[in-house]
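Listed below, chain by chain, are the residues.
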There are 2 protein chains.
Amino acid sequence: MSKCEQCIVRQFSSLKALNKTELIRISDCKESIVIKRGETIFEEGQHLDGVYCVRSGICKLTKLSDNGRQQIIKFVKSGDLLGQRTVISNDTVNLSAIAVQDMEVCFIPKREINQAFQENPRFSGEVINVLCNDLKDADNSIVNMAQKPVKERLAYYLMHFHDDFGLDQEGYLSVQLSREEIAGMVGTATESLIRMLSEFNKKGLIETKGKRIKIKDTVQMERMAEGF
Amino acid sequence: MSKCEQCIVRQFSSLKALNKTELIRISDCKESIVIKRGETIFEEGQHLDGVYCVRSGICKLTKLSDNGRQQIIKFVKSGDLLGQRTVISNDTVNLSAIAVQDMEVCFIPKREINQAFQENPRFSGEVINVLCNDLKDADNSIVNMAQKPVKERLAYYLMHFHDDFGLDQEGYLSVQLSREEIAGMVGTATESLIRMLSEFNKKGLIETKGKRIKIKDTVQMERMAEGF
DNA sequence: CAATTTATATGATTTTTGTCATGATATTTG
DNA sequence: CAAATATCATGACAAAAATCATATAAATTG
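Residues numbered from 1 in each chain as written. Chains lettered and ligands numbered in written order. Predicted model: local features only at pLDDT ≥ 70, side-chain atom pairs only at ≥ 80, totals over all residues. Heavy atoms only, no water.

- Taking an unreviewed UniProt entry as the reference, chain A is identified by name as Crp/Fnr family transcriptional regulator belonging to Robertkochia marina.

Next up, the structure:
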């Protein structure tokens, strides 16, 4: 089993605040897990006995709406921790985590996290900062969802994907989602989403190849996200 | 000037975790402020040099959308602290705070809050818990905004008002908002909101008297909020 | 208290978005 | 590789919501 002390991903997570001793302790009791695309890491309502540190891959955090649709709240990538809020506030999980790519994650038991949280103020500071950022992002999302029409939201999220997850060799967005998933992120019906992608395509804003999407005109797309 | 040690509101805020010495220190440098309905406490983009502790009254936290509408993200009432996220993550304010009732707030300088945060783990624990709850609420709001139609969102928020802020002597919701403000909370156009209230009125779900709203059928309203 | 402004209300219309139906492509599986 | 299944795409229509216009009521102000 690989060691936390040597894990590159650590540098990007809150765990970077831990010292060698703490890392070794965590390393000794952590559990490496491989998760295939589509598999669920945890589901809303569940109790978590620890947090997951994402080594590779990406997962979506979703919540089931009353109308039966799965809303994507946020994406989590390597370096991020999963389930921090739950462990800290000792609450059940509010969101489901489902892999959208094959993933490697490490499970770190609650007690280790709590101990580090209590004893290492730099670590707790890092975690709190992540929570604060999440809260800010969430507040911004509320405004977008409540006020922007679907077309602008789609443009907004495509640009976010472009900026946060980057492109593959051919210039397509590196994360491939199904149309249904994109609809769940934008907060619209799948058919509406497909129509809008077709429209963006016709207007020359994007180019699609199966599930893959390339943003051809980022300037225009950015403007569209802002409502022009 | 009144003293924090004797302030009843303290019991309901994160400040309850502070000991006498800490409270006296804060009390000595805090500043009491009276804010009239409609006045702004702070605006998005601004820097804050401290947090506000709400003694009485209610304010709305809003964010201006690209389309020029003011979205209400959340309400803050007595016992709550304002600006915690900003002070902790040393960021500019993301939301504007505007009084919807006359308020009394106390301004507590950043340095005092930071010191208490560093030195008193019970206090930081309380603050973190508040942030975690805010995050959970925000995630739930995203789903509501993205997936529910306006009618259901209105029912949902009316019920929240009913449960969180209670009723006056005559059974009307105790917080009075303008139609425009309610629209900004639900995330819709003012005219649409007014139409929906008329509809609720005709159906016997609510009763209005000027700005005041009474929920006549909470059971039905609850069901409506869930999409029936 | 009359005049002005602001907030509320409603009608008419357009735009946006959702739903249902159906066909075309992929993708999976035996 | 063919059959079955899932995904993607598009048309037709219905519903929801925004916008514009205009009227009425309420609040403010000189």
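### Focus on the interface of chain B and chain A
Phase 1: Across the boundary between the two partners, chain B contributes 37 residues, which contact 37 residues of chain A.
Phase 2: Approximately 3,400 Å² of surface area, both sides summed, lies buried where chain B meets chain A, with 64% of it carried by carbon and sulfur atoms.
Phase 3: Residues Asp 91 of chain A and Lys 136 of chain B are paired through a salt bridge, measuring 2.7 Å at the closest nitrogen-oxygen approach.
Phase 4: Summed over the shared surface of chain B and chain A, the number is twelve residue pairs in polar contact (both at pLDDT 80 or more).
Phase 5: Among the secondary structure elements, those contributing two or more residues to the side of chain B that touches chain A are β5 (70-76), α2 (84-89) and α4 (121-147) of chain B.
Phase 6: Of all the elements, α4 of chain B adds the most residues to the side of chain B that touches chain A, at 16 residues.
Phase 7: Counted by class, the side of chain B that touches chain A contains 14 nonpolar, twelve polar and eleven charged residues. (Contact = heavy atoms within 4.5 Å. Buried area = accessible area lost by both parts, 1.4 Å probe. Salt bridge = Lys/Arg side-chain N within 4 Å of Asp/Glu carboxyl O. Polar contact = N/O pair within 3.5 Å; in protein donor to acceptor, adjacent residues only side chain to side chain. Helix = DSSP H or I, 4+ residues; strand = E, 2+ residues; numbered from the N terminus. Nonpolar A, V, L, I, M, F, W, Y, C, P; charged D, E, K, R; others polar.)

### Quick word on the sheet that holds strand β4 (residues 59-64) of chain B
Phase 1: The four strands are arranged β2-β7-β4-β5 (chain B) in an open sheet whose pairing can be described as antiparallel. Of all strands in the sheet, those bounded by a partner on one side alone are β2 (40-42) and β5 of chain B. Neighbouring strand axes in the sheet, compared pairwise and without regard to direction, differ in orientation by 35° on average.
Phase 2: Alignment of β4 of chain B against β5 of chain B, held across six bridges, turns out to be antiparallel. Opposite Cys 59 of chain B, over in β5 of chain B, you have Val 76 of chain B as the bridge partner.
Phase 3: Where helix α4 (residues 121-147) of chain A meets the sheet, its contacts fall on β4 and β5 of chain B, and the angle it forms with β5 of chain B comes to roughly 135°. (Pairing = 2+ DSSP bridges. Axes fitted to C-alpha atoms, helices over the stretch in contact; angles between N-to-C directions.)

### Observations concerning the domain arrangement of chain A
All names here are of chain A.
Phase 1: Along its sequence, chain A is organised into domain 1 (4-120) and domain 2 (145-226).
Phase 2: If you average the C-alpha positions of domain 1 and of domain 2, the two centres end up 27 Å apart.
Phase 3: Across the boundary between the two partners, domain 1 contributes eleven residues, which contact 14 residues of domain 2.
Phase 4: When domain 1 packs against domain 2, close to 970 Å² is buried across both sides, 56% of that on carbon and sulfur atoms.
Phase 5: If you sort the residues of domain 1 by the area they bury against domain 2, Gln 71, Ile 72 and Phe 75 come out on top, with a joint share of 41%.
Phase 6: Put simply, domain 1 and domain 2 have two salt bridges between them.
Phase 7: Lys 60 is the salt-bridge partner of Glu 181, the closest N and O atoms lying 2.8 Å from each other.
Phase 8: Taken together, the links from domain 1 to domain 2 amount to five residue pairs in polar contact (both at pLDDT 80 or more).
Phase 9: For the side of domain 1 that touches domain 2, the element with the highest residue contribution is strand β5 (residues 70-76), accounting for four residues. (Domains from an automatic or database assignment.)

### Focus on the UniProt feature "domain: Cyclic nucleotide-binding" (unreviewed entry) in chain A
Phase 1: Under the UniProt annotation, the feature "domain: Cyclic nucleotide-binding" (unreviewed entry) is placed at residues 14-115 of chain A.
Phase 2: Counting secondary structure, residues 14-115 of chain A comes out at 22% helix and 40% strand; the distance between its end C-alpha atoms is 14 Å. (UniProt positions renumbered as here; feature names shortened; annotations may be inferred.)

### Overview of the pairing of strand β8 (residues 103-109) of chain B
Within a regular beta strand, the side chains point alternately toward one face of the sheet and then the other, so they alternate between its two faces.
Residue and element names in this part refer to chain B.
Phase 1: Of all the seven residues making up β8, six are buried; the element is thus mostly covered by neighbouring parts of the structure.
Phase 2: In this structure, strand β3 (residues 50-56) lies alongside β8, joined through six bridges in antiparallel fashion. Note on β8: the bridge partner recorded for Ser 56 is Glu 104. (Buried < 20%, exposed > 50% of the residue type's maximum accessible area, 1.4 Å probe, protein only.)

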